[in-house]
Amino acid sequence: MKSRYLERLTELPGPVWLFGAYVVYRLWEWGFGQLMQIVSGSWWLGGGPILLYLIPVVGVALAVCVLWGLVDRSPYGLSLARWYAGLQAVMRFAALLILVFSDYNPLLHGGMEPYLRGIAGHAVWCVLWFLFLCYLERSEALKAVMPETGRNLPWWGVAVLFCLMLTGVI
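One structure accompanies this document, and this report is about it. Being a predicted model, the structure only gives us computed values, none of them experimental.

Some remarks on the overall build of the protein
Step number 1: For the protein, the count of helices and strands is seven helices and zero strands.
Step number 2: A total of 170 residues make up the protein; the buried ones form 31% of that total.
Step number 3: Sequence-distant contacts in the protein: of pairs separated by 6 or more residues, those separated by 24 or more amount to 74%.
Step number 4: About 10,900 Å² of surface is accessible on the protein, with carbon and sulfur atoms providing 72% of the total.

Set out below in structure tokens:
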């Protein structure tokens, strides 16, 4: 049984495969979290607002849509992936700056280890997202596979991504 999506997926270069692995990880992490809530008996019974349940769903769905746009060779797929990677890099850099310039007291918050781990984690993710963005911008292999339509993501798509970034979804 042949699938055109699997054939298109195999044509994509390696860094897009790494992004696909990230998307699968996000799906697995969300699914495992839902399973643990069901097993513990707190799924949907926690009394929290429905928005707290929908925010992770939207974040995972957005990552899946970006990967789908790349695999499907959508005219907006590459532009959406660029904006997604760029906003992820900006968000991680902002989180890094907030951690660095926060008034952290190691005596009140369990020592320096969680603080340094947070700084290192955000720094690594910021660099990785920036490198992925640079790859999406400059890759000749990806340009050869993606259509040459020259379409950019419309302004409302960028606004939606930015709002999702502000709410903490991506």
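Now that the structure has been shown, the text picks up again.
With respect to the pattern of salt bridges
Step number 1: Evaluation of the coordinates by the stated rule reveals two salt bridges.
Step number 2: With a shortest N-O distance of 3.6 Å, R82 and E137 are connected by a salt bridge. With R82 in helix α4 (residues 77–100) and E137 in helix α5 (residues 113–138), this pair connects stretches of sequence that are 55 residues apart.
Step number 3: Of the residues examined, E137 reaches a relative accessible area of 38% and is grouped as partly exposed.

A short note on the nonpolar core
Step number 1: Grouped together as the largest cluster of nonpolar side chains are 30 residues, with contacts concentrated most on F19, L70, Y84, W129, L136 and L142.
Step number 2: When contributions to this core are tallied by element, the ones reaching two or more residues are α2 (14–40), α3 (50–71), α4, α5 and α7 (155–167).
Step number 3: Every residue in contact with L142, bar those within four places of it in the chain, is listed here: L12, P13, V16, L78, Y135 and L136.

Some remarks on the packing of aromatic side chains
Step number 1: Throughout the structure, instances matching the rule amount to 11 aromatic pairs.
Step number 2: Ring centres of F19 and W129 lie 6.2 Å apart, and the angle between their planes is 75°; on these two criteria the pair is classed as edge-to-face. Linking F19 in helix α2 with W129 in helix α5, this pair joins segments that are 110 residues apart in sequence. The same class applies to F19 and to W129, which are both buried.
Step number 3: Between W28 and F32 the ring centres are 5.3 Å apart and the planes differ by 10°, which places this aromatic pair in the stacked class. In this pair, W28 and F32 both sit in helix α2, four residues apart, roughly one turn of the helix.

Cut-off values and rules
Residues numbered from 1 in each chain as written. Predicted model: local features only at pLDDT ≥ 70, side-chain atom pairs only at ≥ 80, totals over all residues. Heavy atoms only, no water. Helix = DSSP H or I, 4+ residues; strand = E, 2+ residues; numbered from the N terminus. Buried < 20%, exposed > 50% of the residue type's maximum accessible area, 1.4 Å probe, protein only. Contact = heavy atoms within 4.5 Å. Areas by Shrake-Rupley, 256 points an atom, 1.4 Å probe, with all protein chains shown as cover. Salt bridge = Lys/Arg side-chain N within 4 Å of Asp/Glu carboxyl O. Core = buried A, V, L, I, M, F, W, Y, C linked by side-chain atoms within 4.5 Å. Phe/Tyr/Trp six-rings, centres within 6.5 Å; stacked < 30°, edge-to-face > 60°.

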